[in-house]
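Chain and residue survey
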Amino acid sequence: MFKLNKEVTLTGYTLLVPSVSVGNVAQLATDLLIETLKLEKIGLLWHPALIPIVGPPAYDHDHDQTTTTAELYLSEERKLVVLQIRAPLVGALQSDFLDKLTDFIRDKQLAEVIIPSSSFAHENHQVGARPYKYLANEKFLSVHSEAVEALQWSPLDGNVIHGGGYAAKLLAACTGKELAGFLLFMYVSEGDNTADAVQLVSLLDQLKKPLLPREEDGGKIKLAIPSSWKHLFGNAAPVNVY
């Protein structure tokens, strides 16, 4: 399933897996994380559930000539592995994909799985509430309960995330194999979701602080924007259509 460029020992690492969801916010936040930390691409992921895509390099620091559907990135310094997935899963093959992915997580003895996602804004029925919530399994909370409580984030009442893609199913698969899992999602609307992505990656930094670099004064997060974001919406409409 994984084709790795080099042998790596991932014992004790954190794995971040974005869910393809509303506004692609999780993918955009993962882009920011990969570009900012200049993560090393260490492999590709192949499975029939993945819709094949190919394109030019997505990141300025990545000198590989192509970008594909699913790629694995590594930071040895932060003991962080990131699986960037750029296309939704084929529905009928989703369960097999998640089963094999969690087998890989268990066999490599990764410490925990963080799943960023998003949901439709109109599903947030609490007026004035923060635009994000989380789900965490007992395995994760047994290690990080104090850190999660300190954040004072609101947990989701239930386990259904409308528009959240495979996020809840991946968390359930982790729970079934006694893997520590944490799901963080934002309520968003479709459109230019880059600001949502900045907020989501900032929340991930709070969860796993210190994750991202700071400005020289040590305060504000210092983010690097991928050059591929220039092409999020394509070219402007030709004037002769008006």
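Let me sum up the structure you'll find in this document. (Residues numbered from 1 in each chain as written. Predicted model: local features only at pLDDT ≥ 70, side-chain atom pairs only at ≥ 80, totals over all residues. Heavy atoms only, no water.)

Concerning the overall build of the protein
Of regular secondary structure, the protein possesses five helices and ten strands. Radius of gyration (C-alpha) of the protein: 18 Å, near the 18 Å computed for a compact globule of 242 residues. Each principal axis of the C-alpha distribution contributes one length, and for the protein these read about 60 × 50 × 50 Å. Residues counted as buried form 48% of the 242 residues belonging to the protein. Long-range contacts, defined here as pairs at least 24 residues apart, represent 75% of the contacts in the protein between residues at least 6 apart. For the protein, the exposed area adds up to about 12,300 Å²; of that, 52% sits on carbon and sulfur atoms. Of the charged side chains in the protein, 21 are positive and 28 negative, and the gap between their average positions amounts to 2 Å. (Helix = DSSP H or I, 4+ residues; strand = E, 2+ residues; numbered from the N terminus. Rg over C-alpha atoms; globule rule 2.2 N^0.38 Å. Buried < 20%, exposed > 50% of the residue type's maximum accessible area, 1.4 Å probe, protein only. Contact = heavy atoms within 4.5 Å. Areas by Shrake-Rupley, 256 points an atom, 1.4 Å probe, with all protein chains shown as cover. Lys, Arg positive; Asp, Glu negative; His and termini not counted. Charge placed at Lys NZ, Arg CZ, Asp CG, Glu CD.)

Considering a nonpolar patch on the surface
A contiguous nonpolar surface patch, about 260 Å² in accessible area, is contributed by Ile51, Ile53, Val90 and Leu93. Inspection of the secondary structure assignment puts leucine 93 in the loop between strand S7 (80-85) and helix H2 (94-107). Assessed through its relative accessible area of 31%, leucine 93 is described here as partly exposed. (Patch = residues over 30% accessible without salt bridge, like charges linked within 9 Å, V, L, I, M, F, W, Y side chains within 5 Å. Salt bridge = Lys/Arg side-chain N within 4 Å of Asp/Glu carboxyl O.)

Description of the nonpolar core
Leu83, Ile85 and Phe97 are the most contacted members of the largest nonpolar core, which has 38 residues in total. Elements supplying a minimum of two residues to this core: strand S3 (40-45), strand S6 (70-75), S7, H2, strand S8 (112-120), helix H4 (167-176) and strand S10 (181-188). Here the element with the most residues in this core is H2; it accounts for five residues. Excluding residues within four positions of it along the chain, isoleucine 85 makes contact with Val17, Pro18, Val20, Gln27, Leu50, Thr69, Ala70, Phe97 and Tyr166. Ranked by size, the runner-up nonpolar core spans 37 residues in total, among them Ala58, Ile114, Phe182 and Trp229. (Core = buried A, V, L, I, M, F, W, Y, C linked by side-chain atoms within 4.5 Å.)

Quick word on H4
Of all the residues in H4, the buried ones are Ala167, Leu170, Leu171 and Cys174. End-on, the buried residues of H4 take up no more than an arc of 100 degrees, which puts them together on one face. Every exposed residue of H4 that faces more than 90 degrees away from the buried side is listed here: Lys169 and Gly176. Tucked inside the fold, the buried residues of H4 contact H2, S8, strand S9 (132-136) and S10. (Arc of directions from axis to C-beta.)

Quick word on the packing of helix H1 (residues 25-37) against helix H5 (residues 194-207)
Closest axis-to-axis distance for the H1/H5 pair is 8 Å, and the angle between their directions is 65 degrees. Considering the relative orientation of H1 and H5, their crossing is right-handed. Residues Val25, Ala26, Leu28, Ala29, Leu32 and Leu33 of H1 lie in contact with H5, whose contacting residues are Thr194, Asp196, Ala197, Val198, Leu200 and Val201. Classifying every residue of the contact of H1 with H5 gives ten nonpolar, one polar and one charged. (Axes fitted to C-alpha atoms, helices over the stretch in contact; angles between N-to-C directions. Left-handed = near helix turned anticlockwise from the far one by under 90°. Nonpolar A, V, L, I, M, F, W, Y, C, P; charged D, E, K, R; others polar.)

Focus on the pairing of S8
Most of S8 sits out of view: eight of its nine residues are buried. When strand S2 (residues 14-16) meets S8, the two strands line up parallel, connected through three bridges. When the sheet's bridge partners are listed, leucine 16 is paired in S8 with isoleucine 114. In this sheet, S10 lies alongside S8 in parallel orientation, the contact comprising eight bridges. Among the inter-strand pairings, serine 118 is bridged to a residue of S10, identified as methionine 186. (Pairing = 2+ DSSP bridges.)

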